[in-house]
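Single-letter residue listing:
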Amino acid sequence: MQITVNGAPTEVREDLTVAALIEHLDLAGRRLAVEVNAEIVPRSRFEQHRLAPADRIEIIHAVGGG
């Protein structure tokens, strides 16, 4: 199915969860915020939140500093 990730068209398998997308993009283990169709998905819902065709996903990396 076709989704958009950070503005780029991306082809992924059907029935993909946010957690599986993060794995697919090699981002597992990083501090991230994920938004699907302009709504934040809590980290506790990454495993349950299923993506649909044409979803628009924004993934933001948390960067520490001081």
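Below is a summary of the structure that appears in this document. (Residues numbered from 1 in each chain as written. Predicted model: local features only at pLDDT ≥ 70, side-chain atom pairs only at ≥ 80, totals over all residues. Heavy atoms only, no water.)

### Describing the pattern of salt bridges
Part 1 of the reasoning: Summed over the entire model, instances satisfying the criterion amount to 1 salt bridge.
Part 2 of the reasoning: Put simply, Arg50 and Asp15 hold a salt bridge, and the shortest N to O gap is 3.4 Å. Here the residue Arg50 occupies a position in the loop between strand S4 (39-41) and strand S5 (56-61), and Asp15 occupies one in the loop between strand S2 (8-11) and helix H1 (18-24), the gap between them amounting to 35 residues.
Part 3 of the reasoning: Here Arg50 falls in the partly exposed class, since its relative accessible area comes to 46%.
Part 4 of the reasoning: Residue classification places Asp15 among the partly exposed residues on the basis of a relative accessible area of 47%. (Salt bridge = Lys/Arg side-chain N within 4 Å of Asp/Glu carboxyl O. Helix = DSSP H or I, 4+ residues; strand = E, 2+ residues; numbered from the N terminus. Buried < 20%, exposed > 50% of the residue type's maximum accessible area, 1.4 Å probe, protein only.)

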